[in-house]
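Fold and contact review
Listed below are the residues making up each chain.
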Amino acid sequence: MPLEVQPRPISNKVKRPRKTVEALLDIGLINNMPDSALERTESQFNALLTTACDDKTVRLRYSSLPEVPRGPEARARIAERYWSLEQLFDDPPDAFIVTGTEPKTPRLSDEPYWARLVDIIEFADANLISSVWSCLAAHAAVLHYDGIERQRLPVKRFGVFDQRVVIEHSLTQGLGAQIRIPHSRWNDLPLAALGSAGYQVLTRSQDGVADLFVKQRRSLLVFFQGHPEYEERTLLKEYQRDVGRFISGEYREYPQAPPGYFGPSALAIMTDFERRLRAGDLLEPLAAFPFTALAASIQRTWMPPAAQIYRNWLEYIAAHKFES
């Protein structure tokens, strides 16, 4: 069944009776990504949920934290298409997906949106069947509930990494023993601290980094440190952006290419571009970046397991909604 994106209601108060539609699931996507990734994040979750919903109808409503700084174009898009948080709270969906945003302060609790994000965390647990917390949003929810501080990594965790499925759970059905998931972050939640606080780590890397983990409170809280929603070229665009930051002088070191993402042909392409860049052979370095050649070598290994995890999540929501 196709995914339905539900338009923003005209009235600020939307309390209304639910339509009786077989296997209809209401999901609120609270999209807090920066302006440059706002529309792209919509597309990523639209595509992932469309693949995962099978015979179910999924009705998606967009919302966002009003405290996240926005430019005029993003503000206009949000005003036209996004539900306010008050509208979502008045007519709660079955589940939330909450994304992170770029932090501006060393401590998450000092961010201008912290109080509002805590309200969402508490509301989701008290009123919804389940909620997904992505990357920075996962770090924020864990900090709020259990006081676990994220730790700065010595280097950016950036690429597609092998993850072992270490606990059988409804969310890991059909995954097999090992999957691959994209990551792009500078911070990490310690595995031991998560275990001590009662979180079930479902998938983790060989070097002991948690990827997918859950906690059952009043509702099922689902956390991703990685980004299963990423589309085929998302990491490539980020790598291109980071190379541009090196060219402009913002980054002092040339960025590492994302491991596990490109095929064998990409190494020679990237090595040749870096050599010519450092030698000063490129009149327009940004224009010369080999985007098309690198895109042709991308290995989309994470997409099937990503869809399966979200398929399992939608099954969990449906089971608790229609069998309760």
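Now for a quick tour of the structure.

So, about the overall build of the protein chain. Along the protein chain, the regular secondary structure elements total eleven helices and ten strands. Its C-alpha atoms give the protein chain a radius of gyration of 20 Å, near enough to 20 Å, the size a compact globule of 324 residues would have. Counting only contacts in the protein chain whose residues sit at least 6 apart along the sequence, the fraction spanning at least 24 positions is 76%. Surface summary for the protein chain: the accessible area is close to 14,800 Å², and the carbon and sulfur share equals 52%. Charge separation in the protein chain, taken as the distance between the mean sites of 39 positive and 41 negative side-chain charges, equals 1 Å.

On to the packing of helix H1 (residues 35-52) against helix H11 (residues 303-322), then. Taken N-terminus to C-terminus, the directions of H1 and H11 make an angle of 70°; their axes are 8 Å apart at the nearest point. The pairing of H1 with H11 is recorded here as roughly perpendicular in orientation. As H1 packs across H11, the resulting crossing turns out to be right-handed. For the pair formed by H1 and H11, the contact residues are Phe45, Leu48, Leu49, Thr51 and Ala52 on the first element and Ala306, Ala307, Tyr310, Arg311 and Leu314 on the second. Considered class by class, the residues forming the contact of H1 with H11 number eight nonpolar, one polar and one charged.

With that settled, the discussion passes to the sheet that holds strand S4 (residues 95-98). Overall, mixed pairing links the ten strands, which are arranged S1-S3-S2-S4-S5-S10-S9-S8-S6-S7 in an open sheet. Of all strands in the sheet, those bounded by a partner on one side alone are strand S1 (4-5) and strand S7 (178-188). By the bridge criterion, seven bridges tie strand S2 (residues 24-30) to strand S3 (residues 57-63) in an arrangement that is parallel. Paired with Leu25 across the strands is Val58, a residue of S3.

Further remarks concern the pattern of salt bridges. What the rule picks out here adds up to 30 salt bridges. For Arg61, the salt bridge is made with Asp26, and the minimal N-O distance between the two is 3.8 Å. One end of the pair, Arg61, is in strand S3; the other, Asp26, is in strand S2, and 35 residues separate them in sequence. There is no split in this pair, since Arg61 and Asp26 are both buried. Arg217 is the salt-bridge partner of Asp125, the closest N and O atoms lying 3.0 Å from each other. In this pair, Asp125 is assigned in helix H4 (residues 114-127) and Arg217 in the loop between strand S9 (210-216) and strand S10 (220-224), connecting sequence segments 92 residues apart. What makes Asp125 buried here is its relative accessible area of 1%. Note on Arg217: relative accessible area 34%, which makes it partly exposed.

In this section: unusual backbone geometry. The phi dihedral of Asp54 falls on the positive side, at around 55°, and the residue is not glycine. Examined against the element boundaries, Asp54 turns out to sit in the loop between H1 and S3. Its relative accessible area of 36% is what places Asp54 among the partly exposed residues. Its identity is not glycine, yet Cys135 carries a phi of approximately 55°, on the positive side. Note that Cys135 resides in the loop between strand S5 (130-134) and helix H5 (136-146).

In terms of burial, S9 is a largely internal element, six of the seven residues being buried. Direction of pairing for strand S8 (residues 200-204) relative to S9: antiparallel, over a ladder of four bridges. Across the sheet, Val201 pairs through a bridge with Phe213, a residue of S9. Looking at chain direction, S9 and S10 are connected through five bridges and run antiparallel. Each residue of the ladder has a partner; that of Gln216, found in S10, is Leu220. Linking S9 back to S10 in an antiparallel pair, the connection comprises three residues.

Conventions we followed
Residues numbered from 1 in each chain as written. Predicted model: local features only at pLDDT ≥ 70, side-chain atom pairs only at ≥ 80, totals over all residues. Heavy atoms only, no water. Helix = DSSP H or I, 4+ residues; strand = E, 2+ residues; numbered from the N terminus. Rg over C-alpha atoms; globule rule 2.2 N^0.38 Å. Contact = heavy atoms within 4.5 Å. Areas by Shrake-Rupley, 256 points an atom, 1.4 Å probe, with all protein chains shown as cover. Lys, Arg positive; Asp, Glu negative; His and termini not counted. Charge placed at Lys NZ, Arg CZ, Asp CG, Glu CD. Axes fitted to C-alpha atoms, helices over the stretch in contact; angles between N-to-C directions. Parallel < 35°, antiparallel > 145°, perpendicular 65-115°, else oblique. Left-handed = near helix turned anticlockwise from the far one by under 90°. Nonpolar A, V, L, I, M, F, W, Y, C, P; charged D, E, K, R; others polar. Pairing = 2+ DSSP bridges. Salt bridge = Lys/Arg side-chain N within 4 Å of Asp/Glu carboxyl O. Buried < 20%, exposed > 50% of the residue type's maximum accessible area, 1.4 Å probe, protein only.

Note that every value here comes from positions in space, so none of it alone points to a role or purpose.
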